[in-house]
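Structure assessment
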Amino acid sequence: MHWMKTILKPAKRRPLKNTNPITQTPEPINSSLPHTLTLLHKILGDSPDFIMRNFSDSPSEPGPIAICYIEGLIEQNLLSDLMEALIAEQASKTSFTSDVHSTINALKQKIPTGNIKIIHAENQMIAAILAGNVVILVDGVQVALAASIQGGIRRAVEEPTTQTVIRGPKEGFTEELSTNITLLRRKLRTPDLKFASRNIGRYTQTRVVLAYIEGLAQPEVIEEAKKRLESIDTDSILESGYIEEFIQDAPLSPFPTLLNTERPDTVAGSLLDGQIAIFIDGTPFVLLAPVTFIKFFHSSEDYYQRYDISSFLRIIRLFSFLIALLLPSLYIAITTFHQEMLPTTLLITLASQREGTPFPALLEALIMELIFEVIREAGVRMPRVIGPAISIVGALVIGQAAVQAGLVSAAMVIVVSFTAISNFVIPSFNMASTVRLIRFFLMLMAGMLGLFGILAGLIPILFHLVALQSFGVRYLTPFAPFTKSNMKDFFIRVPWWAMKTRPNGISGPNKTRQAPHQYPVNSAKKERCDEPNKQK
Amino acid sequence: MRRLWVISAVLIIGSLLTGCGSRIELNELGITTATGIDGHKGEWTVTYQVIVPSAMSSSLGGSAGGGSSQAAVHTFSTQGKTIRDAIDISNLENPRKLYFAHNNVLVIGKEAAEAGIEEVIDNYFRNPDARETVKVLVADRKARELLMQLIPPEKIPGQALSKILQKDDQTGSFYPSISIYELALKLSSDSGAAGVPEVSIVGSDRETLESSDIFKKTSSKANLKLSGLCIFDRARKVKTLNQKESLGISWLTNHVKSNTLSFEDENAKNAEKALSSFRINTAKVKVTPVKGPLHFSLEVKVKVAGELVISNSEEDPAKTNNIKKMQQQVEKVIEQQIEEGWKTVQKLQIDLVGIADKIHRKYPEYWKENRDTWPEELSRMDINIDVQASIKRPGLFQKSFSSLLKSKSDQ
């Protein structure tokens, strides 16, 4: 691993050459309106969506007020209200030059918008326009007003497509940051819900918001996250994956140390556990940290369904994790090295299927797994319309035809398909991809050394997992180090009235989740024999 | 940096060069389901019954019931000076690696059993590929001849033989099955004797059993059958016991799990015998040697429980008295069965019951002095049998049907 680090790590951090007007050193706004407008036109260019509007009585002589905005980023209804107010203001007054402050304040009073800011510098003005504000410029005034009437085309809140539940809220995050934060706010109505915002990306200026609940999250984790976010210096952040790769603990590990979700309820639940969330503008996927290994096998639905079925499902998920990881390699190892481990009848059945198959078991398994991966990738990339075609081809080609043609044994098809199905049970797509990769490694090990090979592959993985940390939290908590109180939300989920504390090691100072002794007591319960007596 | 490259290259190439060394694919295995041993020291013939997997496959290829056209096993033999010699030259005539881990039965030929089986047991204990849990049988002829027979309707004769042994253990308990390690334990113990079930071919025209055409017929003229219990005394076969004698030994060694026995109704008024049957569901036998003033006596305590499965008696089993009478009769029958076995033991002076080990453990001083005269001592021993039988269920019917008809005609 060491040599990989040396390859992947750049020797020295070279500062990027700054050509971006927004991040350059601020210069004050010129008081002359035509001068400012020319400047804006020079910087933002002939973009068809960039609008500069001057309220002028005559075409030759420019008026004292101008507004600038980008068409697609603002709400048209609010804009017309704003313009109405401005035109009325311009008509009522002839000169604005008398006093700067009174002019701006008077104008501010008239504008029918809640969020309005005074801007002093040129680069701030440009940033405000690009962020979806309407910038109001007044001739002879050295400041500008930025009215936030963001709007335009955005996707509605829909059901999340990657993390579906049967019982639970059906809303998912959208690409719009403010919508996402609103969705979270609606779930956590507490003043302790805190946000720390930052723009990252020299060109994209992507808003990245760190969310946490003060008192529940560990202050060190918040500090660490802020530090890591601040150290990112890149030209673009287009998705949470960019941020994830910049801030994760073990960049070369196949295991994810940040969880992503597009469910507001998952984020709210995680914040209440003491985790922090990182919202990124432009993507519905929110990052959660610190996470432990077991978190990738929990679904938000576990907390909504009855605790007994949730616990059962969690155990099923871990079982299918092991199947997805180990089944092909175990099959290879046992059928080529340890045949004595099979019951006689099973051995004969398998042997009769392998009669006449041309490839060794290892090659057969590798081929089938690769074919499956190809079909799966095709299914994702393909246009939706021809989706059924791929399932027919896949089912026929690797399901039946390969066996009938005698290329692979029927048992191998069962092994591969059960492995694939088990892989889909893992709720986190991140972890499922990790399993897919490690599976191939273990298959090769099994093909070379049998069960010893599997063990020789699993032991280093286990070492790695034990050593892995996510924002200072051990990855295998509460298993190693063993934390008894965290066991209530591990393999099993205890009923809510028993969920007394937040997870140890993840949550901050406030550990108590609820009042004790909440076992449901039914005071309305009646003995059966009482009722006839009452009727008398 | 360079060193790291070298180390990782060595690791990767090293693991690749292992080259799946001991790997063996399933279709390269000759899965042996039964092994036969014939001959004697210095000249062994080993017979292998190897499964033909393609004959076992279900109707995948489209030809339904392909099994009947092709025999599911192939039997062949090799000769060598020792057993391993013989096995090693099997590759001269067999393309697959013989695989003994799934061996179901070991059949010892008549001649080999009489000549001594020390080398067979040594082979099983020394080599990891042969399992000591394999069941042992003795053939009434050459093992090779026996392994050539099919046992319809089972496809694999080796498996069928071990299933027959298992079923006898569970339902009849006439010839308790024995595995290699049990056999070795018994032969090397103080008693030095063991009983191994004997299998024989009964009926005529045994060649028909050698072809898979037998599966097309509804009956066969010949068939394989457990027919006796071979007595080994220090690795050599000395005698074959019949079913009655063997059952007595089963009782004395606490091997009876279930059995159906018939008893006579003593109070029958008619001259004809009125036989009823009792099925043993649980049986517990405790055998303890007790030191007497002159010689040892054997205390045998038997507790059986079961149900009435056939009744020809005139008594009504719903009445406690009658049930008690029946129980007494059952006890008597069991006592007779045990005595039959005991008589054989004393006559042969071979300690099939394993009393020697019990005495050795209980009276070590005595054993040290008298170990040489043990066989004579055995023949002088007395036996006290105490049987407690209980009929737990009389069945769904009360009086026997015959007595029901009789009472009808009396009216």
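Residues numbered from 1 in each chain as written. Chains lettered and ligands numbered in written order. Predicted model: local features only at pLDDT ≥ 70, side-chain atom pairs only at ≥ 80, totals over all residues. Heavy atoms only, no water.

1. Remarks on the overall build of chain B
Helix and strand content of chain B: 14 helices and 13 strands. Here the C-alpha radius of gyration of chain B, 27 Å, is well above what a compact globule of 411 residues would show, namely 22 Å. Its C-alpha atoms give chain B principal-axis dimensions of roughly 100 × 65 × 55 Å. Buried residues in chain B amount to 48% of all 411 residues. Across chain B, contacts joining residues at least 24 apart in sequence account for 73% of those joining residues at least 6 apart. Entry remark: accessible area of chain B is about 20800 Å², with carbon and sulfur atoms responsible for 51%. Both charge centroids of chain B, one from 55 positive and one from 51 negative side chains, sit 5 Å from each other. (Helix = DSSP H or I, 4+ residues; strand = E, 2+ residues; numbered from the N terminus. Rg over C-alpha atoms; globule rule 2.2 N^0.38 Å. Buried < 20%, exposed > 50% of the residue type's maximum accessible area, 1.4 Å probe, protein only. Contact = heavy atoms within 4.5 Å. Areas by Shrake-Rupley, 256 points an atom, 1.4 Å probe, with all protein chains shown as cover. Lys, Arg positive; Asp, Glu negative; His and termini not counted. Charge placed at Lys NZ, Arg CZ, Asp CG, Glu CD.)

2. Overview of the sheet that holds strand E12 (residues 296-310) of chain B
Two strands in a sheet stick together by hydrogen bonds in their backbones, pointing the same way (parallel) or opposite ways (antiparallel). Residues and elements named next belong to chain B. Read from one edge of the open sheet, 4 strands run E10-E11-E12-E13, paired in mixed fashion. On the outer flanks of this sheet lie strand E10 (259-264) and strand E13 (382-393), each paired with one strand and no other. Each strand axis lies, on average, 40 degrees off the axis of its neighbour in the sheet, ignoring direction. Sheet topology note: the E12/E13 ladder contains 11 bridges and is parallel. Of the residues in E13, the one forming a bridge with Val304 is Ala389. (Pairing = 2+ DSSP bridges. Axes fitted to C-alpha atoms, helices over the stretch in contact; angles between N-to-C directions.)

3. Examining the packing of helix H12 (residues 361-381) of chain A against helix H13 (residues 387-404) of chain A
All names here are of chain A. Two numbers describe how H12 lies on H13: the axes approach to 10 Å, and their chain directions differ by 175 degrees. One element, H12, and the other, H13, form an angle in the roughly antiparallel class. Side by side, H12 and H13 meet where Met368, Ile371, Ile375, Ala378 and Gly379 of the first sit next to Ile390, Gly394 and Ile398 of the second. Broken down by class, the residue content of the contact of H12 with H13 amounts to 6 nonpolar, 2 polar and no charged. (Parallel < 35°, antiparallel > 145°, perpendicular 65-115°, else oblique. Nonpolar A, V, L, I, M, F, W, Y, C, P; charged D, E, K, R; others polar.)

4. As for the interface of chain A and chain B
Counting residues at the interface gives 27 residues for chain A, matched by 28 residues for chain B. Between chain A and chain B lies a buried interface of about 2500 Å² when both sides are counted; carbon and sulfur atoms form 67% of it. On inspection of chain A and its partner chain B, the count reaches 2 salt bridges. For the pair chain A and chain B, the number of links is 11 residue pairs in polar contact (both at pLDDT 80 or more). Ranked by residue count, the leading element in the side of chain A that touches chain B is helix H11 (residues 344-354) of chain A, at 8 residues. Considering only residue class, the side of chain A that touches chain B consists of 13 nonpolar, 11 polar and 3 charged. (Buried area = accessible area lost by both parts, 1.4 Å probe. Salt bridge = Lys/Arg side-chain N within 4 Å of Asp/Glu carboxyl O. Polar contact = N/O pair within 3.5 Å; in protein donor to acceptor, adjacent residues only side chain to side chain.)

5. Details of the domain arrangement of chain B
Residues and elements named next belong to chain B. Domain boundaries assigned for chain B yield domain 1 (26-56 + 67-241) and domain 2 (243-411). One C-alpha centre belongs to domain 1, the other to domain 2, and the line joining them spans 33 Å. Across the contact, 21 residues belong to domain 1 and 23 residues belong to domain 2. The contact between domain 1 and domain 2 buries some 1800 Å² in all, and 57% of this surface belongs to carbon and sulfur atoms. Contact with domain 2 buries surface across domain 1, with Phe174, Asp190 and Leu241 losing the most and accounting together for 34% of the total. Where domain 1 touches domain 2, the interface holds 0 salt bridges. Taken together, the connections running from domain 1 to domain 2 amount to 9 residue pairs in polar contact (both at pLDDT 80 or more). Of all elements in the fold, only helix H7 (157-172), strand E7 (193-203), strand E8 (222-233) and strand E9 (236-241) reach the threshold of two or more residues within the side of domain 1 that touches domain 2. Counting residues per element, the side of domain 1 that touches domain 2 draws most heavily on H7, at 4 residues. (Domains from an automatic or database assignment.)

6. Details of the packing of aromatic side chains
Residue and element names in this part refer to chain A. Summed over the entire model, instances satisfying the criterion amount to 17 aromatic pairs over all chains. Judged by centre distance (4.4 Å) and plane angle (45 degrees), the ring pair of Phe490 and Phe491 falls under tilted. Accessibility expressed as a relative area gives 6% for Phe490, which makes it buried. By relative accessible area, Phe491 is classed as partly exposed at 38%. Here the aromatic cluster, defined as three or more aromatic residues joined through ring pairs, consists of Phe255, Phe293, Phe296, Phe297, Phe321 and Tyr475. Here the basic side chain of Arg228 rests over the ring of Phe471, its NZ or CZ set 4.1 Å away from the ring centre. Between the NZ or CZ atom of Arg314 and the centre of the ring of Tyr303, over which it lies, the distance is 5.4 Å. (Phe/Tyr/Trp six-rings, centres within 6.5 Å; stacked < 30°, edge-to-face > 60°. Lys NZ or Arg CZ within 6 Å of the ring centre and 35° of its normal.)

7. Quick notes on the pattern of salt bridges
Here the structure, examined in full by the defined rule, presents 32 salt bridges over all chains. In this structure, the salt-bridge partner of Arg155 of chain A is Glu158 of chain A, at a minimum N-O distance of 3.2 Å. Given the relative accessible area of 35%, Arg155 of chain A is considered partly exposed. With relative accessibility at 42%, the residue Glu158 of chain A sits in the partly exposed group. A salt bridge links Glu307 of chain B to Arg279 of chain B; its shortest N-O distance comes to 3.3 Å. Taken together, the residues span a long stretch of sequence, with Glu307 of chain B in strand E12 and Arg279 of chain B in strand E11 (residues 275-291) at a distance of 28 residues.

8. Describing the packing of H12 of chain A against helix H15 (residues 429-449) of chain A
All names here are of chain A. The geometry of H12 relative to H15 is characterised by a closest axis approach of 10 Å and an angle of 160 degrees between their N-to-C directions. As judged from the angle between their axes, H12 and H15 are roughly antiparallel. With respect to the hand of their crossing, H12 and H15 are arranged in left-handed fashion. Where H12 approaches H15, its residues Leu362, Ala365, Leu366, Glu369, Leu370, Glu373 and Arg376 are matched on the opposing element by Phe429, Arg436, Arg439, Phe440, Met443, Leu444 and Gly447. The residue inventory of the contact of H12 with H15, partitioned by class, reads 8 nonpolar, 1 polar and 5 charged. (Left-handed = near helix turned anticlockwise from the far one by under 90°.)

9. Re the environment of Ala130 of chain B
All names here are of chain B. By the secondary structure assignment, Ala130 is in the loop between helix H5 (118-126) and strand E6 (135-139). You can call Ala130 buried: its relative accessible area is 5%. Sequence separation between Ala130 and Ile164 is 34 residues; the distance between their C-alpha atoms is 21 Å.

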